[in-house]
Amino acid sequence: MMLQTKKIILSLFAVIFLYSLTSCNYSFKGASPPEGIKTIYIPSIRDESGFGLPNLGEEITTLLKSKFINDNTLEYAEKTQADGMLDCVIRSVTDEALVVSGNEQVSRRKITITVTVDFVNLRKQKSIWKKDFSNWGEYDSSTGGFSKRDEGIRSAEDKITEDILLDVISNW
């Protein structure tokens, strides 16, 4: 009798467990973009940082466009066809010591990029939101010189463009 009761209880738990798995409808994609925004335009990003990297705006523009195209939540379009636009300006780039070794040599440095983004609804000619995004990359400064600094810059660019993409498509 006890064995039969255990089997019934286990069967009941198995059914409940299987039902809960099939009824879960969770998405990792987040919320959707703002209503009415199906296409996006990204003009060349202006660099007003004064940091002295001549291609920084172009690199971030290309990377941001690529992320939107690969994500496919919003279709990329030219301005005349787009519902929304990301007007971006690089405000600052800093390069600072991160790790100083015992003999007061800087062994790791940190590059921080700050970008102001104005997400505009082109159909209504109205700003949806305007925000500052800041992210960083680090690099080994004890060897490699500027080639290592470029690694830190690429890391910061990747992180900041990912932050912008997620903020636009999640509509938070």
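Residues numbered from 1 in each chain as written. Predicted model: local features only at pLDDT ≥ 70, side-chain atom pairs only at ≥ 80, totals over all residues. Heavy atoms only, no water.

Colleague: Whenever I open this one, the confidence of the model for the protein confuses me. Can you help?
Modeller: Any region with low pLDDT has predicted coordinates that should not be read closely. Residues of the protein with pLDDT of at least 70 account for 80%, and the chain-wide mean is 86. The model gives residues 17–29 a pLDDT under 50, and that stretch makes two contacts with residues more than four places away or in other chains. (pLDDT = per-residue confidence, 0-100. Contact = heavy atoms within 4.5 Å.)

Colleague: I would appreciate a short explanation of the packing of aromatic side chains in the present structure.
Modeller: By the definition in use, this model includes three aromatic pairs. Ring centres 6.5 Å apart and planes at 35° place the aromatic pair Tyr41 and Tyr76 in the tilted group. Taken as a pair, Tyr41 in strand 1 (residues 39–41) and Tyr76 in strand 3 (residues 75–76) lie far apart in primary sequence, 35 residues in all. The exposure class of Tyr41 is buried, given its relative accessible area of 17%. Seen from their ring centres, Phe119 and Trp129 are 5.4 Å apart, and the 65° between their planes marks the pair as edge-to-face. Remark: Trp129 occurs in strand 6 (residues 126–140) and Phe119 occurs in strand 5 (residues 106–121); sequence separation between them is 10 residues. (Phe/Tyr/Trp six-rings, centres within 6.5 Å; stacked < 30°, edge-to-face > 60°. Helix = DSSP H or I, 4+ residues; strand = E, 2+ residues; numbered from the N terminus. Buried < 20%, exposed > 50% of the residue type's maximum accessible area, 1.4 Å probe, protein only.)

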